[in-house]
Each structure stands twice: as structure tokens, then as C-alpha cells.
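Below are the chains, spelled out letter by letter.
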Amino acid sequence: MHMPGTSKGGLVFFVLVQIILLVLFAFFTDYDSKLLPNKGNATRDEPALVQKYPHFEDIHVMIFIGFGFLMTFLKKYGYSATGFNLWVAALVIQWAILMRGFFAMIHHGGHIGVSLDSMIGADIGSATVLISMGALLGRITPIQLLTMGLIEIVFFAGNEYLNVDLFRITDVGGSITIHAFGAYFGLACSLVLRPSSANAVTGENEGASYTSDIFAMVGSVFLWIYWPSFNSILVDGDQQERAILHTYLSLAACTVTTFCMSALLSKEKKFDMVHVQNSTLAGGVAVGSVCNLILHPWGAIMIGIISGVLSVVGYVYITPFLFSKLRLADTCGVNNLHGMPAVLSAIFSAIYAASATKETYGNQLIDIFPAMKQVGNNTEELEYVIGGYNRTSTQQGTYQLIGIVVTICIAVAGGVISGLILRSPLWNRLDHIDLHRDDVHWIIEEEEHEKKAHHNNTELHERKAHDNLNFIDS
Amino acid sequence: MHMPGTSKGGLVFFVLVQIILLVLFAFFTDYDSKLLPNKGNATRDEPALVQKYPHFEDIHVMIFIGFGFLMTFLKKYGYSATGFNLWVAALVIQWAILMRGFFAMIHHGGHIGVSLDSMIGADIGSATVLISMGALLGRITPIQLLTMGLIEIVFFAGNEYLNVDLFRITDVGGSITIHAFGAYFGLACSLVLRPSSANAVTGENEGASYTSDIFAMVGSVFLWIYWPSFNSILVDGDQQERAILHTYLSLAACTVTTFCMSALLSKEKKFDMVHVQNSTLAGGVAVGSVCNLILHPWGAIMIGIISGVLSVVGYVYITPFLFSKLRLADTCGVNNLHGMPAVLSAIFSAIYAASATKETYGNQLIDIFPAMKQVGNNTEELEYVIGGYNRTSTQQGTYQLIGIVVTICIAVAGGVISGLILRSPLWNRLDHIDLHRDDVHWIIEEEEHEKKAHHNNTELHERKAHDNLNFIDS
Amino acid sequence: MHMPGTSKGGLVFFVLVQIILLVLFAFFTDYDSKLLPNKGNATRDEPALVQKYPHFEDIHVMIFIGFGFLMTFLKKYGYSATGFNLWVAALVIQWAILMRGFFAMIHHGGHIGVSLDSMIGADIGSATVLISMGALLGRITPIQLLTMGLIEIVFFAGNEYLNVDLFRITDVGGSITIHAFGAYFGLACSLVLRPSSANAVTGENEGASYTSDIFAMVGSVFLWIYWPSFNSILVDGDQQERAILHTYLSLAACTVTTFCMSALLSKEKKFDMVHVQNSTLAGGVAVGSVCNLILHPWGAIMIGIISGVLSVVGYVYITPFLFSKLRLADTCGVNNLHGMPAVLSAIFSAIYAASATKETYGNQLIDIFPAMKQVGNNTEELEYVIGGYNRTSTQQGTYQLIGIVVTICIAVAGGVISGLILRSPLWNRLDHIDLHRDDVHWIIEEEEHEKKAHHNNTELHERKAHDNLNFIDS
């Protein structure tokens, strides 16, 4: 029997990775100062509340329940969807704390200070890997997946630093740095790992079952519910409340649109669970980069409607086209949920930035667009910003477009590099027959008892039906 | 092949509705002032935290996971339960922001200011439609459901305005304005749409499967967990903590009682999942209108016990009685979970209001019962209140009873009108054979591969068994 | 037909218990003063927010969704796992408020003041019963389970009072007082109720199905997500943020380790869902007693790695060994998830306490270890503390070890007593054939229609296959 899944070498390697992470944490990190006891004063006067913790927990649900269960839609890949999602995310959140910290050290020096803020950044960063995982779902081994995750986080942290710290683009919901990055990294990797033309048909297991599609709704609906938390966690006060409101309205309008489009584009005017599970969320992505700006409620609804149309059209026309023309597989359709809506969001961010005025935003203008600070020639004492301070609205809008273009380039480069590494003979690769199958990777109880009971039923011999419940006659 | 489900016309209509919502938001709404940047001061000193956001997210889980999954108990209707719940709620939250805003404009004029508070009110209001959906689950098309939702929100917002703003009843948990309203609106609609006597038998698909009942527990338990948030979100400080505590205790006592009653009223002393999924929640409804009052812990437990008995008795005796006598179908038994416990809550609210004293409540008395403010004849400068200020406790108790009676009348009137509209030939209606079936509305992968593999198995031909997992022999 | 499940007497008994709880609440409890209206001042100036409520709701999800769904992994016991978890927890949270309150009255006198804090203590306390339930899952009737819960809470509250109030051990995440207590109480009870040697084989229903294992992931992942809330709810400020961070890192490192160990210890290098569902959580237990101390991030990761190895080794070697040698059944493997990692946590707490210095902790030292307060001989005016004040670090470390030893002794004693009571002929007991089967306790729709349709299929007669979906040919 061949053993295509997990190799002993790969497992030992990731034990070592975990131990290396321990050593790196020991040498390079320590508590952020607010996590240390206040030694100066006998009487403490501190907030009892870790302010953003409830917000963080919402995102934590998105990462581990949301993404994990969204990917259970495949009928024979539910263990892997929930399990490998947990495994890879648990690995990359540790790695992301370090990598994001290393880039921050360029500015601030010293050790990497860890706190709830690090956890927030790490959870958000891990979403890039889970989005890329969606493109490749069922096509790579878990060892390949974890390897890709380690590589991706390096590129992610570099790109995030470049766009947010150096270009000073605005992207509080992460549409550019998370969604576009994760989608195009995963798609580039998928293209490098594409099947030979002989195998370029959808595998027999690449479909849903009735039960698996309802499990996927657990993930999808939790993502839908907590998306306002994802988009609003990095801002405060009125910016935060706008981010919450806009995401809520955009998702609602996107959902109504998605259902209508899903049935209208089908032959029999029936709804497709793929759209319901995924395209309903596109409104959260599409509003991400602009959610804290002054869009007005109708602006958020407009973005939601457009993104719903775009995403369903993507599933119906674009994904099949890419597969048939380029053999580019995209198991979860991340291009339709994350990729294209994120590009849409970046375009909107350019438009809204280019039209932002001091009349509308007051002093908050330079909170949101720090490079629009008017500092004259006095920039030497400020932090280094690529493109400089003193930006006009139009210049800032241009930088938003530069941001998405650079992000896609870095993501594609990183994805191609990852794909080339994963194709090396170091790693086991899955045969066509092993795609989208839990039994390649997991111990599955074969219900010996039932087999025995029915071994005379030759008609049933091949089926090994999975019965949730069968009563013993009493 | 007939196509009873979704018509192209209906889908296009709701695309238009979504566009009309966009236009209405553009013309009639804007940000509440606290969502705008503070332009006066260079230095901002605002709370970093959108205070009620975690509370709101709890309710958001109840609406989209709680109600959606509670309704997955039907064995062949899980896509529709979770999907149409999402669709209709996404539509009516937008509509509810507008309708509730229009009624508020009667008082305050100006535009409709939207904020997190609007989202809270909209999510709570959408519960009425989801409760009514429960009464009709599987019996109407999604186009009919959305139409009903649009109509219901108009009646809901009017009734809420009448009871809370004009009658000044207390109902912080929404037992009267949400639960009673939603249940009796849905039941009235169901009565108008009742089957012809020839079809008045339970459909063959109106039952649970082993898996669908466990999915329903996801919804039920999340409702149970977050119910204290639902009941307490509209109050602050000690009122909020009492609302939380009472809801917690009432639900706990109701749950213990429900299990005992469920088995005691069965033939073989076995538990019924219908009761466990639904009646355990009756304690949250029954305490809703009084949860912020001074009941003492034992008062909450007493209400929980009574509501558990009432709800199980409803499922065992009253629902079958109504169906056999009136052909009144109530798929989820909303009369037992929402209707009767809400009436119970209103009665308790009358009793507790009638016995409320300044000794017990201090100055909070007029926070809770604003119409009990003693203003002498000076009422002309106050807002208009039906029945006037200067109420005694007894008068306030009477108004609580007027509130529930008026609510039920408006709900029934609205439900009848909706039912008559939904019976019009404009809408497709479901035949008896199409009830409670996802395949009427959804694309369902028919597992072509399996069909092919087994097409020689004539014994299995009709069954098309749904196998979650079948291994390829290796 | 024999009726092994629930007896009328048992049901009536628990109706009485619920009524007795009502009476006890009426006589012994009242609101904590902060839940009463502020009668002194006309203008109120109170926090609008019930501060720890979001934290509490996270734990509430762990108790009712987390534990409930984690136990759905058995293929025919999903109704019981989710249902009886709800029932027993709803009962014992009421009882725990009273019992914890009675012990607090020893110190403070007066009535039992209830508030959100009581709810937090009660939810945490109920976890002990749910852990013990895990050891016995499927082997006892619900009436036996509830009886055990009532007994266990008495022992739990006494042990918690002894360790926290009298010994003054530190245990903010409850590894000692909750996890070790619950695990060894349950295992002791299981030992007393162990099968006769003739029946000492794993029952035919003691296994998972494909669907049931994915349901169990809902519970497991929610426990994983909210575990930082469980460990951090009893502390504030920087202690709380450390508790959050350490739990997060420990769980992440434990999860990576668990996956590697799971496959490395299997024959075919495949992953085992049992480990993924359970051992990934061991990091949360193992860091519990020390999570607010100054471990540094690497300390948390180290604890996570060790606990992951320990827990998987427990599942692979120790649980089968205990069953074969002692007939000690442990359905969920609570010794591996809760028992051994909790002992590990206690050992770490002794080490960290013994090395705690004023240099590191400042004045927080005596917040964390109150018995290290240097009071000279002046102890008569302080509260009574076993072992006294003026402790050195080493002494405090010793008390941490005394704490775990005493806890295990009390838990085992309580478990044995419970087991003896449950063996009395007063209670129905389950026959070997009735183990791990919902149909013993629950009404299950036998899909009469399908039976009728297929009654000629004699091959299928015995199977009564559970089909989630079968289409009517159209």
C-alpha cells in the first residue's frame, strides 16, 4: 500500500520547527512593558479591562472556526479542513509574532515586545495562509501546507511593513495586505503546482455532500457575523464605529445580491451553496480598505451590491474559465471571495483617498492618511516614508493603487517560489487519486463491526455505507 | 418538470428592492453625530471602545447562527434553514434601520442617524421575522418569505413605536414587542395559508434526522448562551446586571424543568429533542419583559420553572390540537417557545409593575417606568405619551396588559394581511409534495459519480443513499 | 421491552430538586449590593458596562457548546452529549451558586450575594462535573449523572474553599481546583462503577463516525478559542493580559506538537481525531495555574510543547493500559486532557512560586501570593490562613504541591462515594448492551415512511440506514 500522505521526516522537521520557535522566542522576545507589574507605585490605578480582548476573540473565532468550517464543504475532507486549519494556524501565529516583530524592530530596535496587540496582528496575518490554503485545499499534503505557511508569513510580513509603514497606505480591514495577498499567493502557488494536462479534471471527491455543506455554513456564518470585528479592530472611537457599521451594511447588501444573482445565473433558478457560503462574504472584503472612511451608509451598501455581483460572476464564469484554460485550480474559489473583491476595495480606497478633504475629516485626516501631514521640508526628523510626507489627496490615492499592485506582485512572486519549493522531491506529493480525501491523512474507523455484520451482503460490499445510526432490533 | 420554487420575476424584484434600499439610505440617512470625526479639537479625548459592541455581536450570533441552525432540524431543509435565514435577515436589517428610523423621525425630525444603536435595533427587530419564519418553515417559497419580512417590519416598527414610545410600557427583553409579535404574526399568516383539508397531514419530510437534530442543537445552545445579552443590551449598570442574572437563572431552571417534563409526558419516559431544542429557551422569553426589575433570584427561577412546564405542555398538547382542529401549522412550534411564554412575561410585567414602589427602586423607578414621573399638570412641555404621565403603579401595570393585547391584535392583523398577499397569484406557491424540501430551491449535487458506479445495483436504485464517506478499496 | 433509561421516580426527584433550589434561593440569597439601584443620589454616575460580561460569555460558550459538542464524537450518542451536558450544567450552575456561597458565608456571614461574579464562579465550577461526565460518557443514565453532579459540587466547593481561601494557593486558571479535581473525581467514580470482567471490552458503539467527529471539532475548537478567557477571567490588568498571552502561546505550541506526535506514534503516520480534538487543548490546562505569573513567552511555549507530548502519550499508551489492567474506562480520556496536564501545571506552579521574587513582581507579589505578605506576628487581625502568613517563596511553592495532593485526595474520595451511591439499587443502571446509545434515552424518529417504502427490500431490513437525503424521483 502506498503512503502518499505524511512522512516521518516531515513530522520530525516540524517538531524541530516548534523547538526552534521556542528558542527564537527565548532570545528575541519579551513582554511589552504594559504586561509587567507596575513596580513604581504601591497603589495601582490601571484599567481592569484588556480593552480589545473581546474584539480579538471575535477574530479568533473567524480564524479557527470560520476558515476551518468554511472549508469542510468537501464531502470527504472535513477532518483535514478543520484539523489542518487548526494546525497550520497554530504554527503560523507563533511565526507571525516573530516575523512582524522583526520588521518592527527595524524601526524601533530592541527586543520584540509581545502583548495582545501581537496576538491580534498574528491572527490577522495567519488569515493570509488560510486564504492560500483555500486555493490549494485537498491538493497538497499537510507538510507542504505548513511549509508554505512558513514561507508565506515571511513575504506577508515584509509586504505589510512595506505598504503600511513605508508607503503609508490605509488598509484597516486588510483587504490589500491580507485578502489580496493571501489569494494571489495561493493562486500563484496553485499554478506552479497545477496538474499535468492528463489529470486536469476535477477529482471525483471534489464536491460537497448534504451534510458537509451544512457544516460549511457554520464557518461561513461565523465569518459573516464577526467580519465587522475583523475590519474594525485596528481603529478606535468614531473610526471604529464607522468600520463596524459599513461592514455590517456592506455584508447585508452583498448577501441579498448574492442570493438573487446565484439563482438568476443558474439554469433552473435555484440557489447554489457555493455562492451562499462564499460570495455573501465578499462585501466584507470589498469594504475592508475603506471601512473607516466617510463613505456614508449608502456608500457601504453600494460596495456590497457590486461585490456580490462580482463574486457570483467569478464563481460562475471566471473560475471554470481559469481551470479550463490555465489548469489553475482554486478549490474554494478564493479569487472570487478574497482576490477580486480586494482589488475592488483597493480601487475604492484610491477613489475615497483622492477625494478626502480636511473639511470632511478635520484633524482625523492625518490620523487616517499620515503621509498627508504637511511638514514642509522638515521631514528629516520624521520617520522614513517612501514617497514622503506632504502628500495631496490625489497622491495618496495613487499610493493606494501602488499598494495593491506591489502587493499582488510580491504575493505572486512568493507564491511561485513556494510552489517551486513544494514541487521539489523533498516532499511527498499527492497523486491524482489522493486528492480531497481524508483517508489519505487520517485514521478513520472503518466500522469493523458493521462490515462484519453485513459481510454476506455482497451488494453492499463495495459501498461500506456510512450510517450515522442503525438500531439493533429489539 | 415543474419549477415551484423561485421565479425570475421574484429574484429581479428583490434586486430592485436592494437598489431601492440603497437610494432610501442615500436620501434619508446619515451618520449619527458620534460617528463623525471630532473637528473642534486638535487633541481627541474619546473612548477607544464602542461600548456595546461585544453585546451586539452576541445578538448577531443569535440571529444568524442561533435562529438559522435551530431551524436545521428538518431532515431535508438544512440549506434553506441556514440560507434563507441569512438572506431574509440580511434584507430586513436594512429595512428595519429605515422603518425604525422613520418612526423615530416623528419625534425628532431631521434625517435618520445611523450608528451601532441602529444595528442593535435592526438585529433585534429582525428576530420578529425569523420567529414568524419558524411558524411557516418549509411551507412558503423564499420569495414569499422575503415579501412577508418586508411587510412584517412595517407593522413591527409601528407597534414598537406605539408601545415603547407612546404607551411607555417596559419591555427591555422584547418579550412583548418581539416574541409575542413575531409568533402571532407568523401564526396568523400560517392560518391564512393553511392547507386545504385534503392536504392537512404532516408532510413526509416534516421530520428530523439524527444529524439534522444535532445541527439544530448548535443553534439552540447558542441562543441559550447569548440570551442574557439579548435581554440586557438596552439597559445599563445595575439594571443590565440584573437582566443578565435573571435571564441566566430563568434559563437554567427552565432547562432542568423542560427535561423532566419532556420525559414525564412521553410514553416511554424518553426525552424529545424538540423540547430540548426549544422549550429550554422559554425561560429567556418568559423573563424578558421583567428581567431588569427587582425580581430577586428566586423570582427568576420561579418564572423559569413555570415557562418550562408551559412550553412542553404546549408542544405535547396544544400544537397538535391546533393543527387537527384549525389546520394551523406551526413547524417550529413558535407558539410554545415564543408566543405563550411572551404572554406569560407580559402578565408578570403587569404584576411587577403594579407592585413597584419608590422604596424598592429609588429614582430608578422613573427610568424604568417613565410615565410614572409625577409632573402634575405640567405635561404640555413633555413628549406626548398615550395615557399621560403621573401614572400610579397600578396604572402602569394596566398599560403592560394593554401593551400585550394591542401587540397581539396588530400582529394578527399584519399576519392576516401578509397571508392574503402571499396567497395572491403573483407568487409561486408550493405544492404539498414540495414542502420542507431543499431540492425544490437548491442545486444539490446528485453525486453523479456514485450513481454511475452503482447503476447496476437495482436494489439500490431508488434509494440514492447519501453516503458521507465511502472508501475506495485499496 | 426493557426500559433501562430514565425512571419516573428519577424525573420527579429532579423536579423536586429544582423546586428545592427555588426555596433555597429564596431563603439564602439576594442581590449583591451593586445590583441594586443607587438610591442615595438623584444623578447616577456608574459604569454603563458590566465589565467582565464579555469574558463570562466566552466561558459560557465553552461550558455549553465546548464541552457539549466535544462529547458528540461518539457515533450514536450525540443527542445525549449535547442534551445531557445542557441539562446537568443547567442544574449544577444553580447548585454551585449556593454551595460556593455557603462556603463564602463562613468568612463573611450574612446572605449569599449573587451577581455576575457568582455566575462566573458557577460556570467555572460546573466544568468539574462536565469533565467527570467525560470519563463516564455513555456509561451512566442521566439520572445518575445529575446525582453525581449534585454530590460533586459539594466536594468541589469545599475543596476550592480549602485551597484558595485557606491554603492560599494560586490557581487562576483552575488547573488544580477544576481540571485535576474533575478528572480524578470522574475517574474514581468510573473505577467504582467499572464493568465486571466479563463485560470489560469496549462496547460496539464506543466509536466515532465521520460526521460525529466533525461535530466534535465544533466543541473542541470553541474550547481552544476561548480558553484564554477561562484562564484570565479571575485576574485584571497586566495579570490578565499575561494570562491571555500565555494561554494563547501554550495552546499554539501544544497544537503543533500534538499533530506531530499523533502521526509519529501511529503505524501509518496518520493523524488521529481523538488527539486533535483533545490533546490540542492540554496546553490550556497545563498553563492554567501559572498563566498570570511571569513565565515569559518562551515559558508558555515550553509548557505547551511538554503538555502536547504528555497528552498524546497518555491517549496512546496510558488509557489503554488502565483499561486493560484495572478495567478503568475513561470514554473521553479526561486523564490525558485534564488530569495529567493539571498535575503538570501544579508542578510548574510550585517551581514558579518557589522562584518568585519581589524584584520580578514588585508589589504584585502579594496580590498573587497573599500568604507571602510579611505581617510579623500580627496575624490575629488578618483572615485565617492555613499555614499562616509570612511565607517564603519556597514555602509557597510547597503549598502549591500540597494543594494538588489534597485536591486529588478529596476528588478521589468524592468520586468513590459518588460511585458507591450510584451503584445502589435506587438507580437504574445501564446494561452492557445499552452503553453509548441515544435510543435508550431519546425518542428517535424511526423514519416510518422509509421503512414502509423499503419493507420489501429484505437485504436492507436489518440496516435501517440513516439517509440524510433521498430524493423522490421526479
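Residues numbered from 1 in each chain as written. Chains lettered and ligands numbered in written order. Predicted model: local features only at pLDDT ≥ 70, side-chain atom pairs only at ≥ 80, totals over all residues.

Trainee: I'd like to hear about the overall build of chain A, residue by residue, with values.
Mentor: Secondary structure summary: chain A contains 16 helices and 2 strands in total. The C-alpha atoms of chain A give a radius of gyration of 24 Å, which matches the 23 Å a tight globule of 474 residues would have. In terms of principal-axis extent, the alpha carbons of chain A reach across some 85 × 55 × 50 Å. Considering only contacts in chain A between residues 6 or more positions apart, those separated by 24 or more positions represent 83%. (Helix = DSSP H or I, 4+ residues; strand = E, 2+ residues; numbered from the N terminus. Rg over C-alpha atoms; globule rule 2.2 N^0.38 Å. Contact = placed C-beta atoms within 7 Å.)

Trainee: Account for the relation of the copies chain B and chain C, naming residues and giving values.
Mentor: Mapping chain B onto chain C calls for a screw motion: a turn of 120° about the axis and a shift of 0.0 Å along it, with 0.0 Å RMSD after fitting. The superposition operator between the copies reduces to a three-fold rotation axis. Among all C-alpha atoms of chain B, that of B:Pro54 lies closest to the rotation axis, at 3.7 Å. Comparing contact sets, just 13% of the residues at the interface of chain B also lie at the interface in chain C, consistent with a heterologous contact between different surfaces. (Least-squares fit on C-alpha atoms with pLDDT ≥ 70 in both.)

Trainee: Run through the interface of chain B and chain C, naming residues and quoting values.
Mentor: Taken residue by residue, the interface counts 67 residues in chain B and 71 residues in chain C. Residue contributions to the side of chain B that touches chain C peak at 17 residues, all from helix α8 (residues 237–264) of chain B. When grouped by side-chain class, the residues that make up the side of chain B that touches chain C number 33 nonpolar, 17 polar and 17 charged. (Nonpolar A, V, L, I, M, F, W, Y, C, P; charged D, E, K, R; others polar.)

Trainee: Kindly report on the nonpolar core, identifying the contributing residues and their values.
Mentor: Counting residues in each nonpolar core, the largest one holds 473 residues, and the members touching the most others are A:Ala180, B:Ala180 and C:Ala180. Setting aside its immediate chain neighbours within four residues, B:Ala180 contacts B:Ser175, B:Gly339, B:Ala342, B:Val343, B:Ala346, B:Ile404, B:Thr407, B:Ile408 and B:Ala411. (Core = buried A, V, L, I, M, F, W, Y, C linked by C-beta atoms within 7 Å. Buried ≥ 20, exposed ≤ 12 C-beta atoms within 10 Å, placed from the backbone.)

Trainee: Can you tell me about the interface of chain A and chain B, naming the residues and giving the values?
Mentor: Every contact between the two is made by 69 residues of chain A and, on the other side, 72 residues of chain B. Listing elements by their share of the side of chain A that touches chain B, those giving two or more residues are α2 (53–70), α7 (210–232), α8 (237–264), α9 (273–278) and α11 (296–326) of chain A. Among the elements that line the side of chain A that touches chain B, the one with the most residues is α8(A), at 18 residues. The residue makeup of the side of chain A that touches chain B, split by class, is 34 nonpolar, 17 polar and 18 charged.

Trainee: I'd like to hear about the relation of the copies chain A and chain B, residue by residue, with values.
Mentor: Note on the copies: chain A fits chain B at an RMSD of 0.0 Å, the axial shift is 0.0 Å, and the rotation between them is 120°. When the interface residues of chain A are mapped onto chain B, a mere 13% of them again fall at the interface, so the copies present different faces.

Trainee: So what's going on with the environment of C:Tyr226? Residues and values would help.
Mentor: Residue position: C:Tyr226 is located in helix α7 (residues 210–232). Linking C:Tyr226 and C:Ile153, residues 73 residues apart in sequence, is a C-alpha distance of 23 Å. What C:Tyr226 contacts, discounting residues up to four positions off in sequence, is A:Glu57, C:Asp58, C:Ile59, C:Val61 and C:Met62.

Trainee: Provide a residue-level description of the environment of B:Leu162, including the pertinent values.
Mentor: Residues and elements named next belong to chain B. Residue placement: Leu162 occurs in helix α5 (residues 142–166). Placed 53 residues apart in sequence, Leu162 and Gly109 show a C-alpha to C-alpha distance of 17 Å. Ignoring any residue separated from it by four or fewer positions in sequence, one finds Leu162 in contact with Phe167 and Val406.

Trainee: Account for helix α3 (residues 78–108) of chain A, with residues named and values stated.
Mentor: Residues and elements named next belong to chain A. Helix length check: α3 (31 residues) gives 43 Å between terminal C-alpha atoms against 45 Å at 1.5 Å per residue, within 8%. The largest bend along α3 reaches roughly 25° and is located at Phe102. Among the 31 residues of α3, 23 are classified as buried, and the element is accordingly described as predominantly covered. One or two residues past the end of α3 sits Gly109, with phi positive at roughly 65°. (Expected span 1.5 Å × (residues − 1). Bend = angle between axes of the 7 residues up to and from the residue.)

Trainee: Tell me about the confidence of the model for chain A, and please be specific about residues and values.
Mentor: In this model, chain A carries a mean pLDDT of 90, and residues with pLDDT of at least 70 account for 90%. Reported confidences for the modelled complex are a pTM of 0.94 and an ipTM of 0.93. (pLDDT = per-residue confidence, 0-100.)

Trainee: With reference to specific residues and values, describe the packing of α2(A) against α7(C).
Mentor: At a closest axis distance of 9 Å, the pairing of α2(A) and α7(C) adopts a crossing angle of 165°. Here α2(A) lies roughly antiparallel to α7(C), going by the angle between them. Like other packed secondary-structure pairs, α2(A) and α7(C) cross with a definite hand, here right-handed. The residues of α7(C) that touch α2(A), namely those facing A:Glu57, A:His60, A:Val61, A:Phe64, A:Ile65 and A:Gly68, are C:Val221, C:Phe222, C:Trp224, C:Ile225, C:Tyr226 and C:Ser229. Residues of the contact of α2(A) with α7(C), tallied by class, amount to 8 nonpolar, 3 polar and 1 charged. (Axes fitted to C-alpha atoms, helices over the stretch in contact; angles between N-to-C directions. Parallel < 35°, antiparallel > 145°, perpendicular 65-115°, else oblique. Left-handed = near helix turned anticlockwise from the far one by under 90°.)

Trainee: So what about unusual backbone geometry? Which residues, and what values?
Mentor: Positive phi is not limited to glycine here, since B:Arg168 has a value of about 55°. Along the chain, B:Arg168 turns up in the loop between α5 and α6 (175–192). Judged by the 22 C-beta atoms lying within 10 Å of it, B:Arg168 is buried. Backbone geometry at C:Arg327 places phi at a positive 55°, although glycine is not the residue there.

Trainee: Which residues make up the packing of α7(A) against α8(A), and what values go with them?
Mentor: All names here are of chain A. Interaxial distance between α7 and α8 falls to 8 Å at its minimum, and their mutual angle equals 145°. As α7 runs across α8, the sense of the crossing is right-handed. Contacts between α7 and α8 involve Trp224, Trp227, Pro228, Asn231 and Ser232 from the first element and Gln240, Ala243, Ile244, Thr247, Tyr248 and Leu251 from the second. A per-class count over the contact of α7 with α8 returns 7 nonpolar, 4 polar and no charged.

Trainee: How would you sum up the environment of A:Gly415? Please name residues and give values.
Mentor: Relative to the helices and strands, A:Gly415 resides in helix α15 (residues 393–422). Along the sequence, A:Gly415 and A:Leu191 sit 224 residues apart, while their C-alpha atoms lie 8.9 Å from each other.

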